[in-house]
Amino acid sequence: MSNHTKKRVSIVGALAATALLALAACSTSGGTATTSTSGAAAKIIKVGFSQVGSESGWRAANTKDIQATLTTANGFDLKFSDAQQKQENQIAAIRSYIAQGVDVIAFSPVVESGWDAVLQEAKAAKIPVVLTDRAVDSKDTSLYESFLGSDFVLEGQKAGEWAVKQFGDKPTNIVELQGTTGSAPANDRMAGFKKAIEGHPNLKIIASQTGNFTRAEGKTVMEGFLAANPKIDLVWAHNDDMGLGAIEAIEAAGKVPGKDIQMVTADATHDGMQALVDGKINFIVECNPLLGQQLADVIKQIMAGQAPEKRILTKETTFTQDQAKAALPTRQY
Ligand code: AHR
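Residues numbered from 1 in each chain as written. Predicted model: local features only at pLDDT ≥ 70, side-chain atom pairs only at ≥ 80, totals over all residues. Heavy atoms only, no water.

## A short note on the overall build of the chain
Right, so step 1: When its secondary structure is counted, the chain shows 11 helices and 15 strands.
Right, so step 2: Within the chain, the fraction of its 333 residues that count as buried is 50%.
Right, so step 3: Restricting the contact set of the chain to residue pairs at least 6 apart, pairs at least 24 apart contribute 72%.
Right, so step 4: Carbon and sulfur atoms make up 54% of the accessible area of the chain, which totals about 15,300 Å². (Helix = DSSP H or I, 4+ residues; strand = E, 2+ residues; numbered from the N terminus. Buried < 20%, exposed > 50% of the residue type's maximum accessible area, 1.4 Å probe, protein only. Contact = heavy atoms within 4.5 Å. Areas by Shrake-Rupley, 256 points an atom, 1.4 Å probe, with all protein chains shown as cover.)

## With respect to the environment of F76
Right, so step 1: Within the secondary structure, F76 is located in strand β5 (residues 76–82).
Right, so step 2: F76 gets classed as buried once you look at its relative accessible area, which sits at 1%.
Right, so step 3: For F76, the contacting residues outside a window of four places in its chain are I44, I45, V47, T69, L70, T71, A296, I299 and K300.

## Focus on the nonpolar core
Right, so step 1: Counting 30 residues, the largest nonpolar core has L177, M222, F225, V235 and M273 as its most contacted members.
Right, so step 2: At 6 residues, the largest contribution of residues to this core is made by helix α8 (residues 240–252).
Right, so step 3: Apart from residues lying up to four places away in sequence, M273 is in contact with A268, I284, F319, A324, A327, L328 and R331.
Right, so step 4: With 23 residues, the next largest nonpolar core counts I94, V110, A122 and I127 among its residues. (Core = buried A, V, L, I, M, F, W, Y, C linked by side-chain atoms within 4.5 Å.)

## Some words on the pairing of strand β7 (residues 129–132)
Right, so step 1: Going residue by residue along β7, you find V129 and L131 tucked away on one face and V130 and T132 tucked away on the opposite face as well.
Right, so step 2: Relative to β7, strand β6 (residues 104–107) runs parallel, the two sharing 3 bridges. Directly across from I105, in β7, lies its bridge partner V129.
Right, so step 3: Considered for its hand, the β-α-β crossover made up of β6, helix α4 (residues 116–124) and β7 is right-handed.
Right, so step 4: In this sheet, strand β8 (residues 146–149) lies alongside β7 in parallel orientation, the contact comprising 3 bridges. Pairing of T132 across the sheet is with L148, part of β8. (Pairing = 2+ DSSP bridges. Right-handed = clockwise from strand over helix to strand, strands pointing away.)

## Here we look at the site of the ligand
Right, so step 1: Within the structure, the ligand sits among E55, S56, W58, R59, D133, R134, F152, P185, R189, F213, N239 and D267.
Right, so step 2: At 2.9 Å from an oxygen atom of the ligand is found a side-chain nitrogen or oxygen belonging to N239.
Right, so step 3: Starting from 280 Å² of accessible surface for the ligand in isolation, the protein chains cover 100%.
Right, so step 4: Looking at the shell around the ligand, the elements that each hand over two or more residues are α2 (57–69) and α6 (184–197).
Right, so step 5: When the residues that make up the shell around the ligand are grouped by side-chain class, the tally is 4 nonpolar, 2 polar and 6 charged.
Right, so step 6: The residue makeup of the shell around the ligand includes at least three contributed by each of domain 2 (44–150 + 289–315) and domain 3 (152–287). (Near = heavy atom within 4 Å. Polar contact = N/O pair within 3.5 Å; in protein donor to acceptor, adjacent residues only side chain to side chain. Nonpolar A, V, L, I, M, F, W, Y, C, P; charged D, E, K, R; others polar. Domains from an automatic or database assignment.)

## Re the sheet that holds strand β10 (residues 203–210)
Right, so step 1: Judged by pairing direction, the sheet is mixed, and its 6 strands sit side by side in the order β10-β9-β11-β12-β13-β15 without closing on themselves. The sheet terminates laterally at β10 and β15 (318–319), the two strands that pair on one side only.
Right, so step 2: By the bridge criterion, 7 bridges tie strand β9 (residues 172–178) to β10 in an arrangement that is parallel. Bridging from a neighbouring strand, V175 pairs with A207 of β10.
Right, so step 3: Each of β9, β10 and β11 (234–237) touches helix α7 (residues 215–228); the most contacted strand, β9, lies at about 150 degrees to it. (Axes fitted to C-alpha atoms, helices over the stretch in contact; angles between N-to-C directions.)

## Here we look at helix α9 (residues 270–277)
Right, so step 1: Residues of α9 that are buried include every one of G272, M273, A275, L276 and V277, and no others.
Right, so step 2: For α9, the elements touching its buried residues are α8, β13 (283–286), β15 and α11 (321–327).
Right, so step 3: Just downstream of α9, G279 is the residue with a positive phi angle, here 80 degrees.

## Points about the side chain of S108
Right, so step 1: For S108, the position within the fold is in the loop between β6 and α4.
Right, so step 2: Given the relative accessible area of 0%, S108 is considered buried.

## Brief notes about unusual backbone geometry
Right, so step 1: In this structure, Q85 is a non-glycine residue whose phi angle is positive, near 60 degrees.
Right, so step 2: For Q85, the location among the structural elements is in the loop between β5 and α3 (87–100).
Right, so step 3: One non-glycine residue with positive phi stands out, namely D267, at about 130 degrees.
Right, so step 4: Residue D267 is classed as buried on the basis of its relative accessible area of 3%.

Below you can see the structure in the form of structure tokens.
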């Protein structure tokens with residue numbers, strides 16, 4: 001038997017064994033699927049998850065983690081949809097989850113505003129909603145059970161504090177690559193950074209524009225910044241991907257990213273960390289995308305009739321070049 005055939009046989013064997021185990025562990029009672037661990041039957045929880053899109057390395061890691069955690073083996077039936085960064089797609093997905101009668105709806109809102117009507121519909125259908133990663137600005141907080149994710153204001157503040165330390169009293173021209181207009185991370189990171197540099201008039205934001213959290217748009221916007229501004233000292237990019245796009249634009253303009261123009265970004269994804277190790281980015285503020293387990297725990301609490309914490313904050317750090325060198329080999333995303 002060739003190695004290839006052996007591998008296929010062992011994969012088929014493993015799949016058959018997994019299917020048998022799954023059959024043994026799952027039963028259907030009154031039309032409701034259940035899993036059984038140590039004899040106790042537990043209902044499979046139907047979760048409808050509406051993801052923002054696939055705009056960044058952070059998002060890819062977030063999607064992978066959620067899909068790997070909310071599995072049948074862990075007691076979930078996950079219905080997942082990608083909204084391609086469009087609010088109307090998320091609203092349609094949430095309505096479809098309501099129509100399907102899922103047990104819980106979770107979503108990461110592309111923008112902060114405009115959710116009240118659809119969240120009211122979920123509430124009327126008695127389907128609890130969990131916000132992951134990004135907030136909504138609804139005044140009525142009874143429209144969702146819990147919000148788990150980062151403190152984006154703090155992330156922006158950490159980036160600004162680094163800029164204050166790094167540039168001291170030197171006159172410094174800063175350009176800002178904002179995330180998606182109207183999104184919580186763009187609004188909050190912008191505010192946090194601004195607050196940190198207040199009182200340091202030598203640090204000036206000379207241009208600020210959205211790059212929609214993507215590498216391609218980060219590059220295009222940076223090309224415009226470079227063409228319009230002969231002296232740029234620092235790029236503050238709201239995520240690694242836009243920073244990586246800006247690096248391409250800076251190099252194409254014959255300048256050295258990290259030296260001629262310094263860079264501070266948010267996320268700390270693998271590609272961003274590599275650019276930090278390579279000296280093309282100078283500092284990264286971490287934003288952790290691994291929210292799957294916290295989401296699973298919150299959903300199980302809700303299904304058990306318990307009230308989860310209303311706000312669950314993600315633990316995060318920052319990275320200098322040396323810290324990135326040490327962290328990169330074991331980085332999960
Ligand atoms: O909401 C989190 C942000 O969204 C990440 O910083 C960014 O990379 C993503 O697209």
